[in-house]
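# What the coordinates show
For reference, the chains in residue letters:
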Protein chains: 2
Amino acid sequence: MSLLFSRQCEYALQAVLYLAKTPSGKMTSIKELSAKLDIPYHYLAKILQSLAIKGLLLSEKGRTGGFALRIPVEHITLAQVIDAVDGPAIKHSCVMGFGECSEDNPCALHNEWVHLRTGLFDVLNDKNVIQLAREMKKPVYEMLA
Amino acid sequence: MSLLFSRQCEYALQAVLYLAKTPSGKMTSIKELSAKLDIPYHYLAKILQSLAIKGLLLSEKGRTGGFALRIPVEHITLAQVIDAVDGPAIKHSCVMGFGECSEDNPCALHNEWVHLRTGLFDVLNDKNVIQLAREMKKPVYEMLA
DNA sequence: TTAATTTCAGATAAATTACTCTTAATTAAA
DNA sequence: TTTAATTAAGAGTAATTTATCTGAAATTAA
């Protein structure tokens, strides 16, 4: 089981942060992303395409084609990516799986969960992908200067 | 998509807290749990059975049979339930889906995620099911005195 | 112009998760 | 002792998610 985000969404987040670290103007191919991030090629293709359709990425066909972040890059957040892939449910779903869950009608974990989720989404909303990409210390993301 | 916990696990949590609210000594049938919590009967049966096998629940066959929490009830936590159903992965998996993710090798959300997860599991480990059940204000859980 | 490289599109397959069905075993009440 | 109610067990089905395959369309470089 994938946790919190679907596998698709995890891949999307990894790829978007990779694009955030590549020099602006350069297009990155699915091939490179797939190889570097170890994500199934055609599966990743679908994901990137859908992010392009939803306006988060730019895509170009042809020999020098590939994907890049839509501009202005500073306006893109991971919250948008999550929303585009997994939808908005996570932002209000009950962690115990109850249909209704609210302040008036709380499950045993409601308060704790709302508090923690809010903290996470504060970061996801308030920092753009460039800022977040900087906090990623993984080797694969380093050599993109 | 279910978030954080699998559907199975959500059902398990709901059922365990229901049992935590029923008077001690009384067995609760799958039928009652299934109806009150709106969980598919046979699916729930499997889940409860596996929790019984793993030692979290007591089960009794026959006309007055059903399920109850293993005693001593005070020693049962939701963290144990989660572990029994979804396994321990959630306690160390990377929220962005990277294989390795640590303080030395963090993804962009590592610190935030560790903070969230720790906060949640502090509650899940430190409060027993009786204490947590008390915080559940849902109508279905009320009339069990 | 041609060949190479890329995304786009749609179909399909594999894997996982969720759920159902049926029968047997057990127990207590009638 | 019979009957009704319950869990146990295993097989089977459905739905969803993840992944693969193939070919077309676009674009650039040779």
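Cut-offs and rules
Numbering of residues starts from 1 in each chain and follows the order in which that chain's sequence is written. Going through the entries in the order they are written, you letter the chains from A and number the ligands from 1. With pLDDT at 70 or above as the cut-off, local features in this predicted model cover only qualifying residues; side-chain atom pairs require 80 or more to be listed or tallied, and sums for whole chains, interfaces and linings still use all residues. Side-chain figures throughout are based on the complete set of non-hydrogen atoms in the structure, without hydrogens or water. A cutoff of 4 Å decides nearness: a residue is near a molecule or strand if any of its heavy atoms lies inside that distance of it. Any N or O atom pair separated by 3.5 Å or less is treated as a polar contact, with the protein-specific requirement of one donor-capable and one acceptor-capable atom, and with residues adjacent in sequence counted only for side-chain atom pairs. Comment: elements are numbered from the N terminus, with helices defined as DSSP H or I runs of at least four residues and strands as E runs of at least two. By the convention used here, residues are in contact when the closest approach between their heavy atoms is within 4.5 Å. In this description, buried area is defined as the sum, over both parts, of the accessible area (probe of 1.4 Å) that is lost when the two are combined. Salt bridge, as used here: a side-chain nitrogen of Lys or Arg that lies within 4 Å of a carboxyl oxygen of Asp or Glu.

Another aspect to go through is the protein's contact with DNA strand C. Near DNA strand C, the surroundings consist of 26 residues, among which Ile30, Lys46, Gln49 and Ser59 of chain A together with Arg7 of chain B are the closest. Of everything in DNA strand C that lies within 4 Å of the protein, sugar and phosphate atoms constitute 68%. At 2.7 Å, a side-chain N or O of Gln49 of chain A approaches a phosphate oxygen of DNA strand C. The set of elements that each furnish at least two residues to the surface near DNA strand C consists of helix H2 (30-37), helix H3 (41-53), strand S1 (57-60) and strand S2 (66-69) of chain A together with helix H1 (7-21) and helix H3 (41-53) of chain B.

Before going further, it helps to spend a moment on the protein's contact with DNA strand D. What surrounds DNA strand D is a group of 26 residues, the closest being Tyr43 of chain A together with Ile30, Lys46, Gln49 and Ser59 of chain B. When atoms of DNA strand D within 4 Å of the protein are sorted by moiety, sugar and phosphate together comprise 67%. The contact in question runs from a phosphate oxygen of DNA strand D to an N or O atom on the backbone of Ile30 of chain B, over 2.8 Å. A distance of 3.3 Å separates a sugar or linking oxygen of DNA strand D from a polar atom in the backbone of Gly62 of chain B.

Across the contact, 41 residues belong to chain A and 41 residues belong to chain B. Summed over both sides, the interface of chain A with chain B buries roughly 3,500 Å², with 73% coming from carbon and sulfur. Interface area lost by chain A to chain B is led by Leu3, Met96 and Lys138 of chain A, which between them contribute 18%. In this assembly, chain A and chain B are joined by 0 salt bridges.

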